[in-house]
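Examination of the molecular architecture
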Amino acid sequence: MHYGMAIDTKLCFGCTACAVVCKSNNNLPNNMWWNRVVTDGGKYADTARGIYPNVVMTHYPVNCQHCEKPACAAACPTGATYRDEETGIVVQDTEKCIGCGTCIQACPYEVRTLNEEEPAYAVDFPLGDFDAPQHKVSTVEKCTFCGNRIARGEVPACMELCPGRARFWGDLDDPQSDVSRAIEGRETMRLLEEEGTKPSVYYLV
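These lines cover the structure that appears in this document, whether it is placed above or below.

Parameters and conventions
Note that residues are indexed from 1 along each chain, following the sequence as it is written. Residues qualify for local features only when their pLDDT is at least 70, as the model is predicted, and side-chain atom pairs are given and counted only at 80 or more; totals for whole chains, interfaces and linings, by contrast, use all residues. Only hydrogens and water are set aside; all other atoms, that is, all heavy atoms of the structure, feed into the side-chain values. For this analysis, a nonpolar core means a set of buried residues of the types Ala, Val, Leu, Ile, Met, Phe, Trp, Tyr and Cys, connected via side-chain atoms within 4.5 Å. Each residue is assigned to one of three classes by its accessible area relative to the maximum for its type, calculated with a 1.4 Å probe on protein chains only: buried under 20%, partly exposed between the two thresholds, exposed over 50%. Helix numbering and strand numbering both begin at the N terminus, where a helix is a DSSP run of H or I of at least 4 residues and a strand a DSSP run of E of at least 2. Here a residue-residue contact requires only that any non-hydrogen atoms of the pair lie within 4.5 Å. Any N or O atom pair separated by 3.5 Å or less is treated as a polar contact, with the protein-specific requirement of one donor-capable and one acceptor-capable atom, and with residues adjacent in sequence counted only for side-chain atom pairs. Pairing of aromatic side chains here covers Phe, Tyr and the six-membered ring of Trp, requires ring centres within 6.5 Å, and sorts the geometry by plane angle: under 30 degrees stacked, over 60 edge-to-face, intermediate tilted. Patch criteria: residues need more than 30% relative accessible area and no salt bridge. Like-charged residues are merged within 9 Å; nonpolar side chains of Val, Leu, Ile, Met, Phe, Trp and Tyr are merged within 5 Å. Areas reported as accessible are Shrake-Rupley estimates using a 1.4 Å probe. Residue values count occlusion only from the protein chains shown. Put simply, a salt bridge is a Lys or Arg side-chain nitrogen that is within 4 Å of an Asp or Glu carboxyl oxygen. What makes two strands pair is DSSP finding at least two bridges between them.

This part takes up the nonpolar core. If you look at the biggest cluster of nonpolar residues, it comprises 26 residues, and the most contacted ones within it are Met-5, Phe-145, Trp-169 and Tyr-203. Broken down by secondary-structure element, the contributors of at least two residues to this core are β1 (3–8), α1 (17–25), β5 (59–62), α5 (157–161) and β12 (201–204). Of the residues forming this core, the biggest block, three residues, is contributed by β1.

What follows is the structure, encoded as structure tokens:
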């Protein structure tokens, strides 16, 4: 089993619904996002690449890439970050995390966040799934591929709310899975492949 995701850049139009549902379903604290949407023209949202009138704008939703060779796990001094061999998901064990930030520095995708202070929320009651992850001060967090939802036979929250139906999910080891069929025959890319991390998120281009 090797869970992975494919995102069709021709269908994604940068609405950020995936980022919003991720934040809501996982009851993320203020100022924390596990999912963001970037464009290749600059550091600001919806920045086109090129010089007018020859411009192109492609959106790239970015979350933890759940790498086969995660740099974060190799750098973690306590074993709090590791790749689950049964699912292929890179896990963050908050009970073992000491908040040193080594994994944040090691991750080339900038998808990890440290809870430097006691988590604060916009509302005074929990949002999202009943079994959403707990958030603790002095621990690092990131996208979990919605492991809690997967355990009960559902798909990651970002999959369900994408209005462009740009995301495909499943077992990369199964040639008949949605993600494998989406990748087959299409030109794909993975972020920062030169880092040697072997991401489990593919972008269809």
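Structurally, the position occupied by Gln-92 is in strand β7 (residues 90–92). Spatially, the C-alpha atom of Gln-92 lies 36 Å from that of Val-56, the residues being 36 residues apart in sequence. Those residues within four positions of Gln-92 in sequence are excluded, and the remaining contacts are Ala-80, Thr-81, Cys-97, Arg-112 and Val-140. Polar side-chain contacts of Gln-92 include one of 2.9 Å to the side chain of Arg-112.

Moving on, we get to the environment of Gln-134. Mapped onto the secondary structure, Gln-134 falls in the loop between β8 (113–114) and β9 (140–141). C-alpha of Gln-134 to C-alpha of Asp-178: the two residues are 44 residues apart in sequence and 30 Å apart in space.

Let us look at the packing of aromatic side chains. When we look at a pair of aromatic rings, we describe it by the centre distance and by the angle of the planes. A complete count under the given rule lists three aromatic pairs for this structure. Ring plane angle 70 degrees and centroid distance 5.6 Å describe the contact between Tyr-60 and Tyr-203, whose orientation is recorded as edge-to-face. Placement of the pair is Tyr-60 in strand β5 and Tyr-203 in strand β12, with a sequence separation of 143 residues. Comparing Tyr-60 with Tyr-203 shows no difference in burial state: the two are buried. A ring pair is formed by Phe-145 and Trp-169, whose centres lie 4.9 Å apart and whose planes are at 85 degrees; its orientation type is edge-to-face.

Let us now look at a nonpolar patch on the surface. Taken together, Val-123, Phe-125 and Leu-127 make up a surface patch of nonpolar side chains, about 250 Å² in accessible area. In this structure, Leu-127 sits in the loop between β8 and β9.

So, about the pattern of salt bridges. Inspection of every chain in the model, using the stated rule, returns 12 salt bridges. The closest approach of N and O atoms between Lys-198 and Glu-68, which form a salt bridge, is 4.0 Å. Here the residue Lys-198 occupies a position in the loop between β11 (188–189) and β12, and Glu-68 occupies one in the loop between β5 and α2 (71–75), the gap between them amounting to 130 residues. On the basis of relative accessible area, Lys-198 is assigned to the partly exposed category, the value being 36%. When its relative accessible area of 30% is taken as the criterion, Glu-68 is described as partly exposed. The residue Arg-149 makes a salt bridge to Glu-154 at a minimum N-O spacing of 3.4 Å.

Backbone-to-backbone hydrogen bonds pair the strands of a sheet. The strands run either parallel or antiparallel. The strand order across the open sheet built from four strands is β10-β1-β12-β11, with neighbouring strands paired in mixed fashion. Strands with a single pairing partner mark the edges of an open sheet, and in this sheet they are β10 (167–171) and β11. Bridge analysis of β1 against β12 gives four bridges, and the strand direction is parallel. Opposite Asp-8, over in β12, you have Leu-204 as the bridge partner.

What follows concerns the pairing of β5. Along β5, one buried face is formed by His-59 and Pro-61 and the opposite face, lined by Tyr-60 and Val-62, is buried too. Note: strand β2 (residues 36–39) against β5, four bridges, orientation antiparallel. Residue pairing for β5: Thr-39 is matched across the bridge by His-59.

Burial runs high along α1: seven of the nine residues are buried. Restricting attention to buried positions, one finds in α1 the residues Ala-17, Cys-18, Ala-19, Val-21, Cys-22, Lys-23 and Asn-25. Asn-27 sits one or two residues past α1 and shows a positive phi near 50 degrees.

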